[in-house]
Amino acid sequence: MGIGSFGRIRVFEDFLAPDTDATWSTSAQRLGLIGQVSVNEGSFAHTIDEPGGVLACTTDVGDNDNIALYAGPFKPADGGCVIEARFKCNSATLLAIFCGFSETLDATTPVCPAEYSTTTLTINGSGGMAGMLWDPDGTADDWRAVAGDAAAVATDLTTSTGTLSDQGDLVADEWDIVRVEIDVNGDAKIYHDGKLVDDVAKCVTAGDIQYACLVFENRSAAARVAEVDYFYADGGRDWTV
């Protein structure tokens, strides 16, 4: 079995080159090096009053309409995988955000991998997932580390309703950074603004593929705007014949 020189698969998108002067196509399936899928489309624009390349994502106008930026798939068993993204949004109360990994990502009607409503954490989809979640539908708003598989919360998640970041609530138009690492055993380390929020043992099956994704989802019947500074993901290459 031959092994080449490039064992890591990496993508880093800094949003420096829109399709036209200030926009990406509304129906674009790719935004630079990463993919996107959305419910009822939405639109994308180049933020020109901030340096460094910033993508503005505007959701469609229906409640629960969303936009999912993604890369992959990656398989944790091949050497682990990582996602890191920096982003902000124009409302702290009307938009849910998930950043992390999800085995389930519908190519036409994506669903937020996890939701927190009142006092209940729900894991969506049939596959494994791990990441940070902000959902204003909860009784107490906070960033939460979440993980699970087969629509069930991971048993090793420190708090069954999502482990609180305690780094402060989401603030409109202020940047947040999320990083999620899944190792070769399926353990996940979940970070918010540089702090390790939870280290969840074997929350996903290491041999199952995972999409690195950043999801913005309406929590009201109106368009919402989220901005992304950068999106990074990497994983190991499968060298089997």
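So, how was this worked out
Residues numbered from 1 in each chain as written. Predicted model: local features only at pLDDT ≥ 70, side-chain atom pairs only at ≥ 80, totals over all residues. Heavy atoms only, no water. Helix = DSSP H or I, 4+ residues; strand = E, 2+ residues; numbered from the N terminus. Polar contact = N/O pair within 3.5 Å; in protein donor to acceptor, adjacent residues only side chain to side chain. Contact = heavy atoms within 4.5 Å. Phe/Tyr/Trp six-rings, centres within 6.5 Å; stacked < 30°, edge-to-face > 60°. Buried < 20%, exposed > 50% of the residue type's maximum accessible area, 1.4 Å probe, protein only. Core = buried A, V, L, I, M, F, W, Y, C linked by side-chain atoms within 4.5 Å. Pairing = 2+ DSSP bridges.

Trainee: Could you give me a rundown of unusual backbone geometry, with the residues and numbers involved?
Mentor: Put simply, Gly 72 and Pro 73 share a cis peptide bond, and its omega is 10 degrees. Locating Pro 73 in the fold gives a position in strand β7 (residues 66-74). The backbone of Phe 15 sits at a positive phi, close to 55 degrees, despite the residue not being glycine. Positionally, Phe 15 belongs in the loop between β1 (8-13) and β2 (23-24). In this model, Asp 166 sits at a positive phi of 60 degrees, which is unusual for a non-glycine residue. Mapped onto the fold, Asp 166 is located in the loop between β15 (163-164) and β16 (176-182).

Trainee: With reference to specific residues and values, describe the side chain of Asn 218.
Mentor: Within the fold, Asn 218 resides in strand β19 (residues 210-218). In this structure the side chain of Asn 218 is engaged in a polar contact, spanning 2.9 Å, whose partner is the backbone oxygen of Gly 62. The contacts of Asn 218, once residues within four sequence positions are left out, are Thr 59, Asp 60, Val 61, Gly 62, Asp 63, Asn 64, Asp 65, Leu 94, Leu 95, Ala 223 and Arg 224.

Trainee: Before we move on, could you go through the packing of aromatic side chains and cite the residues and values that matter?
Mentor: The geometry of two aromatic rings is summed up by the distance between their centres and the angle between their planes. The full count for this structure, using the stated rule, is seven aromatic pairs. Ring centres 5.8 Å apart and planes at 35 degrees place the aromatic pair Phe 12 and Tyr 230 in the tilted group. Of this pair, Phe 12 sits in strand β1 while Tyr 230 sits in strand β20 (residues 225-236), and the two are 218 residues apart along the sequence. Accessibility expressed as a relative area gives 42% for Phe 12, which makes it partly exposed. Both rings, one in Phe 87 and one in Phe 216, keep their centres 6.2 Å apart while their planes meet at 75 degrees; by these two values the pair is edge-to-face.

Trainee: I'd like a rundown of the nonpolar core, residues and numbers included.
Mentor: Formed by 60 residues in total, the largest nonpolar core has its most connected members in Leu 69, Phe 87, Ile 97, Leu 214, Phe 216 and Phe 231. Filtering out sequence-adjacent residues up to four positions away, Phe 216 remains in contact with Cys 57, Thr 59, Asp 65, Asn 66, Ile 67, Phe 87, Leu 95, Ala 96, Ile 97, Ala 226 and Val 228.

Trainee: Summarise the environment of Val 146; cite the residues concerned and give the values.
Mentor: Note on placement: Val 146 falls in strand β13 (residues 144-149). Here the alpha-carbon distance between Val 146 and Gln 29, two residues 117 residues apart in the chain, equals 28 Å. If near-sequence neighbours (up to four positions away) are discounted, Val 146 is found in contact with Phe 98, Ala 114, Leu 121, Met 129, Ala 130, Gly 131, Leu 133, Leu 157, Gly 162 and Ile 190.

Trainee: An account of the pairing of strand β6 (residues 55-58) is needed here, citing residue identities and associated values.
Mentor: Along a regular strand, successive side chains alternate from one face of the sheet to the other. Where strand β5 (residues 43-46) and β6 come together, four bridges link them in antiparallel fashion. Its bridge partner being in β6, His 46 is matched across the sheet by Leu 55. Of the pairings in the sheet, the one linking β6 to β20 comprises four bridges and is antiparallel in character. Residue Thr 58 lies in a different strand from β20, and its bridge partner there is Val 225.

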